[in-house]
2 protein chains.
Amino acid sequence: MNCDEYAVPGFLANGISAGIKEQGRKDLALIFSEVPARAAGVFTTNCFKAAPVLVDMERISAGAAQAIVTNSGNANAATGERGYRDALAMSRAASKELKISDDLVLVASTGVIGHPLPLEVIERGMEPLVEGLRRDGIPDAEAAMMTTDRFPKMSCRKGMIGSREVTLCGIAKGAGMIQPNMATMLAYLMTDADVDGEALRAVFQEGIAQSFNAITVDGCMSTNDTALILANGSAGNRQIRRRSREYAPFREMLFAVLDDLCRGMVRDGEGATKLIELVVDGARNRGEARRVAYAVANSNLVKTAFYGGDPNWGRIISAAGSIGIPLPTQSVRLFFEEVCLFEAGQGTAFPTDRVAAIMAQETIRVRLELGMGTGSFRIYASDLSFEYVKINAHYHT
Amino acid sequence: MNCDEYAVPGFLANGISAGIKEQGRKDLALIFSEVPARAAGVFTTNCFKAAPVLVDMERISAGAAQAIVTNSGNANAATGERGYRDALAMSRAASKELKISDDLVLVASTGVIGHPLPLEVIERGMEPLVEGLRRDGIPDAEAAMMTTDRFPKMSCRKGMIGSREVTLCGIAKGAGMIQPNMATMLAYLMTDADVDGEALRAVFQEGIAQSFNAITVDGCMSTNDTALILANGSAGNRQIRRRSREYAPFREMLFAVLDDLCRGMVRDGEGATKLIELVVDGARNRGEARRVAYAVANSNLVKTAFYGGDPNWGRIISAAGSIGIPLPTQSVRLFFEEVCLFEAGQGTAFPTDRVAAIMAQETIRVRLELGMGTGSFRIYASDLSFEYVKINAHYHT
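Remember, it's a predicted structure, so these values are computed and weren't measured experimentally. By convention here, each chain's residues receive numbers from 1 onward along its written sequence. Starting at A for chains and at 1 for ligands, labels are handed out in the order in which the entities are written. Reporting of local features is limited, given that this is a predicted model, to residues whose pLDDT is at least 70; pairs of side-chain atoms are given and counted only at 80 or more, and all residues count toward the totals for whole chains, interfaces and linings. Heavy atoms from the whole structure form the basis of all side-chain values; hydrogens and water molecules are not counted.

### Observations concerning unusual backbone geometry
All names here are of chain B.
So, step 1. A positive phi is found at Asn76, a non-glycine position, where the angle reads about 45°.
So, step 2. Mapping Asn76 onto the fold places it in the loop between strand E3 (64-74) and helix H2 (80-98).
So, step 3. Summary of the burial criterion: residues with accessible area below 20% of their type's maximum are buried, those above 50% are exposed, and those between are partly exposed, where the area comes from a 1.4 Å probe applied to protein chains only. Looking at Asn76, the relative accessible area reads 0%, which means it is buried.
So, step 4. The backbone of Ala344 sits at a positive phi, close to 50°, despite the residue not being glycine. To qualify as a helix, a DSSP run of H or I must reach at least 4 residues; to qualify as a strand, a run of E must reach at least 2; elements of each kind are numbered from the N terminus.

Structure follows, in C-alpha cells:
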C-alpha cells in the first residue's frame with residue numbers, strides 16, 4: 001500500500017544548501033536512524049571507485065549503520081589519497097555532530113569528477129544539517145542529492161509483517177551514467193522492519209539485480225554508484241529471516257519500492273522522453289537474454305528511433321543479431337505491446353494506426369522472442385534525444 | 001603515391017539515377033573489370049544478414065568476380081525469401097546486360113530495411129548503367145552508393161610492384177551503423193595488380209581488421225556490411241604471393257588506401273564534427289585493449305564531451321574501468337596529444353590553454369596507457385552531436 005507521506009518510524013532526515021552548488025540549491029543531505037540499524041549495500045563495480053564508495057564498502061561489512069551523509073555538486077572521484085582522507089573527514093564531521101560512533105556513518109558524493117571536495121563548506125554545513133533533522137525531512141534529503149535530475153524519485157509503502165505494520169521508503173537520484181552494476185545513482189532504502197542481517201543482504205542483492213542492475217539510460221557506469229538499505233527494527237515485528245514466512249511479504253514490498261524508483265530513474269534519464277520496457281525471452285539462458293537486451297537497449301539507432309516515434313523494427317533485430325549470439329533468424333519475433341512487427345525473417349503488415357498510437361505512449365512495452373529456450377531478461381531503457389546531447393555536451397568538468 | 005584521378009587500368013564504372021531514391025539522386029552503381037578478376041570479401045557477422053550479403057558470400061568463395069552492382073535507397077534486408085530471389089534477379093539483370101557469367105556478379109544494397117527491392121526500377125536502369133560504363137566513372141559509382149553520406153570517400157594510390165606500376169583505388173560509403181564486424185558500410189577496392197588468391201584473401205582480411213573493424217560511429221552493426229576487393233592483373237606484374245617480396249609493398253598500398261577510407265568514413269559519421277584517434281596500450285593483450293578502446297569510443301558521455309569541446313578525462317577513465325577488466329588504477333595514464341590529463345589515480349594540473357587548443361582540433365589523438373602489458377589497439381571514433389540525433393530520429397523505416 002502506498003503512503004501519504006515519505007516518513008519511516010525511527011528515521012529523521014534533512015537536506016540543506018551548504019554552498020557546494022551555486023545559487024542556493026540544496027547540496028548536503030543526511031539520513032539518520034534514532035538507533036543503530038542493520039545495513040546492507042551494493043556498489044559500483046567500476047575499477048575507478050570514488051573515495052566515499054571505498055569507505056562505505058569497508059564499513060558496511062560490519063552490517064550496521066546509523067547515518068548516511070551525502071553531498072551533491074562534487075563526486076570526490078579520481079581525487080587520489082586526498083579524496084579518501086576527505087571522505088573520512090566528511091564522515092567525522094557528521095559523527096561528531098550526531099554524537100555517534102564514526103563507524104556507523106556512511107558517506108556518498110555525486111557531481112563532477114576530479115575536483116577536491118570542498119571540505120570546509122561541508123564541515124560548516126554539518127551543524128545546521130543536524131539541527132534541522134526531522135521526521136518529514138526525507139523529501140529535502142532527496143532534493144539535496146539531485147544533480148541533473150528533473151524530478152525527485154521517492155517511493156513509500158506500508159505493509160503487514162505478521163501482526164505489525166511496517167514502512168519502507170526509498171529515495172534515489174539519477175540521472176546520467178545509468179547502466180547496470182550500477183548507475184551514477186544513489187539509492188537509499190529505509191525501513192522500520194526488524195530484519196536479520198543475512199536476510200537483509202540477500203533480499204537487497206536480489207532486488208538490486210532485478211531493478212537498478214536492469215536499467216539503462218546511456219550505457220555508462222559511474223564511479224560512485226551506491227545503494228544502501230537501513231533497517232532499524234522500530235516496528236517490533238517478528239524478525240524477518242531468510243527462511244521465515246515474513247521474508248516473502250518483505251521482499252514483495254522492497255521489490256515494489258525498487259521498481260518505482262527504477263522507473264522514475266529511467267523516466268528521468270538525461271533527456272529521456274519515453275520509457276521502453278524491453279523483455280527478451282526465448283534465449284538459451286538468462287545471461288544471453290541479458291546481453292541481447294542490453295545490445296538493443298543501448299543501441300543509439302534504436303534509442304533515436306523511439307525518440308523520433310519511428311517503429312524501426314529493423315534496427316532492433318539488427319542490434320540483437322550483432323553481438324555474436326547465433327539467433328535462429330526465422331524464429332525471432334518482435335512485438336510492440338500486442339502487435340507483431342517482425343516474424344519469419346521479415347517485417348509484418350502491421351496496423352500502422354495502432355503502432356503509431358503505441359509509439360506515442362510514454363511507456364512502450366517491447367518483447368523480443370528469440371525462440372531458442374527459456375532464458376528471459378527485462379530491462380527499462382530511455383530514448384536518446386537532443387536534450388541528452390545538450391546536457392552532456394555542456395556539463396563541464 | 002596519390003593519384004590525380006580515380007581510375008584503374010582495366011576497370012570501368014558508372015553510377016546513375018534509376019529512380020529508387022527521390023528527386024533524381026544517383027542510386028545504381030556498377031564496377032566492371034574487363035577481364036575476370038581475383039576477388040575476396042569480408043562481410044557483416046550480424047545474424048540477420050541481408051539477401052545480397054548471402055549471395056555474395058556464396059559467390060566469393062570461388063575467388064573470382066567481374067562486376068559489382070549496387071543500389072542505394074533500399075537495403076533488401078529482412079525481406080525473407082523474396083529478398084533473396086530479388087538479389088539474384090538484380091545480379092541476373094546485370095550479367096545479362098554485361099554478357100558475362102552470372103556467377104561473376106556481386107551485388108550489394110544499402111538503405112532502408114524491410115521493404116521489398118523495387119526490382120523493376122533496377123532492371124530498367126541496367127541498360128543505361130552498362131552503356132555509360134567508362135574508365136573515369138568511379139566517382140559516379142561512389143555517388144550512387146551514398147545514403148546519408150555528406151561527402152564521397154575515395155582513395156587512389158600508385159606504387160611499384162617489382163618493375164611494374166600498379167594502381168589501387170578504393171571507394172566506400174558510410175555513414176551510420178558504423179562499428180566493427182562491420183558497419184553499414186560498403187567498400188570496394190579495385191586494383192590492376194596480379195595477386196594470387198590466397199595472398200589476396202590474407203592481406204584483405206588483415207587490412208579490414210585494422211581499418212574497417214577498428215572504427216566506430218555509433219556502436220551499431222549493420223545487416224549489409226560488405227567489403228570487396230577485385231584484382232584483375234592488368235598491370236602484368238610478377239604475381240604477388242603470400243611469401244614473395246612483392247607482398248609487403250602491396251600490403252602497404254592497400255593499408256594506406258583503407259586508412260584513407262576509414263578516416264573519411266568516421267569523419268563523415270552521422271553528425272560527426274571530430275575524429276578521435278584513440279590508442280589503448282599497455283593492456284594484457286590485444287583483445288583486452290580492443291574491449292577498453294570500444295568501451296571508451298562508444299561511451300555516449302565521452303562522445304558528447306568531445307562534441308562539447310570538454311576535456312572530460314573522468315568520463316574516459318570511468319568508461320575504461322566499467323567493463324570488468326581489472327585495471328591498476330594507480331598506473332593508468334591518459335594523454336590528449338602530448339598532454340597527460342590523468343595519472344596516479346587523479347587528474348593532473350594540465351595546461352588549460354594547450355588542452356583547449358587540442359579540443360578545437362578536427363582530429364584529436366588520445367592515448368590511454370593501462371600499465372599492465374604490451375597489448376595495444378587503435379580505433380577511430382566520432383563524437384555525438386545534435387545532428388546525429390536529428391538524422392536518426394527522422395530517418396524513417
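### Topic: H2 of chain B
Residue and element names in this part refer to chain B.
So, step 1. The span expected for a helix works out to 1.5 Å for each residue beyond the first. Here H2 spans 28 Å end to end across 19 residues, near enough to the 27 Å set by a 1.5 Å rise per residue.
So, step 2. Within H2, burial applies to Gly83, Asp86, Ala87, Ala89, Met90, Ser91, Ala93, Ala94, Ser95 and Leu98.
So, step 3. Next to the buried residues of H2 lie strand E2 (28-43), helix H1 (51-60), E3, strand E4 (105-112) and helix H3 (119-131).
So, step 4. Of the residues flanking the end of H2, it is Lys99, one or two places downstream, whose phi is positive at about 60°. Should any heavy atoms of two residues lie within 4.5 Å, those residues are counted as being in contact.

### Some thoughts on the interface of chain A and chain B
So, step 1. The partner chain B presents 53 residues to the 53 residues of chain A that form the contact.
So, step 2. Each of two parts loses accessible area, computed with a 1.4 Å probe, when they are put together; buried area is these two losses added. Of the roughly 4300 Å² buried between chain A and chain B, counting both surfaces, carbon and sulfur atoms make up 66%.
So, step 3. Together, Phe48, Leu301 and Phe386 of chain A form the three largest contributors to the area buried by chain A at its contact with chain B, with a combined 16%.
So, step 4. Polar contact is the term for a pair of N or O atoms within 3.5 Å; when the atoms are in protein, one must be able to donate a hydrogen and the other to accept it, and sequence-neighboring residues count only if both atoms are side-chain atoms. At the surface where chain A touches chain B, the tally comes to five residue pairs in polar contact (both at pLDDT 80 or more).
So, step 5. The set of elements that each furnish at least two residues to the side of chain A that touches chain B consists of helix H8 (300-308), helix H9 (313-320), strand E13 (346-347) and helix H11 (386-393) of chain A.
So, step 6. Split into classes, the residues belonging to the side of chain A that touches chain B amount to 24 nonpolar, 24 polar and five charged. The classification used treats Ala, Val, Leu, Ile, Met, Phe, Trp, Tyr, Cys and Pro as nonpolar, Asp, Glu, Lys and Arg as charged, and all other residues, Gly among them, as polar.

### Digging into the pairing of strand E15 (residues 375-382) of chain B
All names here are of chain B.
So, step 1. With six of its eight residues buried, E15 lies for the most part within the structure.
So, step 2. Any two strands between which DSSP finds at least two bridges are classified as paired. Pairing between strand E10 (residues 275-283) and E15: seven bridges, direction antiparallel. The partner of Val279 across the bridge, within E15, is Arg378.

### Quick word on the pattern of salt bridges
Residues and elements named next belong to chain A.
So, step 1. By definition here, a salt bridge exists when the distance from a side-chain nitrogen of Lys or Arg to a carboxyl oxygen of Asp or Glu is within 4 Å. By the definition in use, this model includes 48 salt bridges over all chains.
So, step 2. The salt bridge involving Asp102 is made with Arg59; its shortest N-O contact spans 3.1 Å. Remark: Arg59 occurs in helix H1 (residues 51-60) and Asp102 occurs in the loop between helix H2 (80-98) and strand E4 (105-112); sequence separation between them is 43 residues.
So, step 3. Through salt bridges with shared partners, a single ionic network connects Asp149, Arg150, Lys153 and Asp268.

### Observations regarding helix H10 (residues 352-359) of chain B
Residue and element names in this part refer to chain B.
So, step 1. Looking only at H10, the buried set comprises Val355, Ile358 and Met359. Axial view of H10: buried residues confined to an arc of 95°, hence all on one face.
So, step 2. In this structure, the buried side of H10 is in contact with helix H8 (300-307), strand E11 (333-336), strand E12 (339-343) and strand E14 (363-369). The directions considered for the arc are those from the helix axis to the C-beta atoms.

### Describing the packing of aromatic side chains
So, step 1. A pair of Phe, Tyr and Trp rings is counted when the ring centres sit within 6.5 Å of each other, with Trp represented by its six-membered ring. The angle between the planes then sorts it: under 30 degrees is stacked, over 60 is edge-to-face, the rest tilted. All told, the structure shown has eight aromatic pairs over all chains when counted by the stated rule.
So, step 2. Ring centres of Tyr294 of chain A and Phe377 of chain A lie 6.2 Å apart, and the angle between their planes is 45°; this geometry places the pair in the tilted category. On the criterion of sequence distance, the pair formed by Tyr294 of chain A in helix H7 (residues 286-297) and Phe377 of chain A in strand E15 (residues 375-382) is long-range, its members being 83 residues apart.
So, step 3. Here Tyr294 of chain A falls in the buried class, since its relative accessible area comes to 9%.
So, step 4. Measuring from centroid to centroid gives 5.7 Å for Phe342 of chain A and Phe48 of chain B, while their planes differ by 75°, and the two rings are edge-to-face. Of this pair, Phe342 of chain A sits in strand E12 (residues 339-343) while Phe48 of chain B sits in the loop between E2 and H1, which puts the two residues in different chains. In this pair, the class of Phe342 of chain A matches that of Phe48 of chain B, namely buried.
So, step 5. Site record: aromatic cluster; members linked through ring pairs are Phe48 of chain A together with Trp313 and Phe342 of chain B.
So, step 6. We call a charge positioned over a ring when the NZ of a Lys or the CZ of an Arg lies within 6 Å of the ring centre and within 35 degrees of the ring normal. Lying across the ring of Tyr380 of chain B, Arg378 of chain B places its NZ or CZ 4.1 Å from the centre.

### Some remarks on the relation of the copies chain A and chain B
So, step 1. Overlaying chain A with chain B gives an RMSD of 0.0 Å, the required rotation being 180° about an axis along which the chain moves by 0.0 Å. Between the two chains, the operation in question is that of a two-fold axis. Taking C-alpha positions as the reference, the residue of chain A nearest the rotation axis is Phe386 of chain A, at 2.8 Å.
So, step 2. Here 100% of the contact residues of chain A are again contact residues in chain B; the copies associate through an equivalent surface. Fitting of the copies onto one another was done by least squares over C-alpha atoms, counting residues only where both copies have pLDDT of at least 70.

### So, the packing of helix H7 (residues 286-297) of chain B against helix H9 (residues 313-320) of chain B
Residue and element names in this part refer to chain B.
So, step 1. Put simply, H7 and H9 touch, their axes get as near as 8 Å, and they point 135° apart. When the axes of H7 and H9 are compared, the pair comes out oblique. For H7 against H9, the interelement crossing comes out right-handed. Contacts between H7 and H9 involve Val292, Ala295 and Val296 from the former and Ile316, Ala319 and Ala320 from the latter.
So, step 2. Residues that form the contact of H7 with H9 fall into these classes: six nonpolar, no polar and no charged. Fitted lines through C-alpha atoms serve as axes, helices being fitted only where they are in contact, and the angles separating the N-to-C directions of these axes extend from 0 to 180 degrees. Oblique is the label for any angle not under 35 degrees, not over 145, and not in the 65 to 115 range, which are roughly parallel, roughly antiparallel and roughly perpendicular in turn. Each crossing gets its handedness from the near helix: less than a right angle anticlockwise from the far helix is left-handed, clockwise is right-handed.

### Examining the pairing of strand E2 (residues 28-43) of chain A
Residues and elements named next belong to chain A.
So, step 1. With six bridges joining them, strand E1 (residues 11-16) and E2 adopt antiparallel strand pairing. Bridge assignment links Gly15 to a residue of E2, and that residue is Ala29.
So, step 2. Where E2 lies against strand E3 (residues 64-74), seven bridges are found, and the strand directions are antiparallel. The residue bridging Leu28 from the neighbouring strand is Asn71, located in E3.
So, step 3. With six bridges joining them, E2 and strand E9 (residues 226-231) adopt antiparallel strand pairing. Looking at E9, one finds that Arg38 is bridged to Ala231.

### Digging into the domain arrangement of chain A
So, step 1. Taken domain by domain, chain A consists of domain 1 (11-267) and domain 2 (275-393).
So, step 2. Domain start and end points were adopted from an automatic or database domain assignment. The distance between the C-alpha centroids of domain 1 of chain A and domain 2 of chain A comes to 32 Å.

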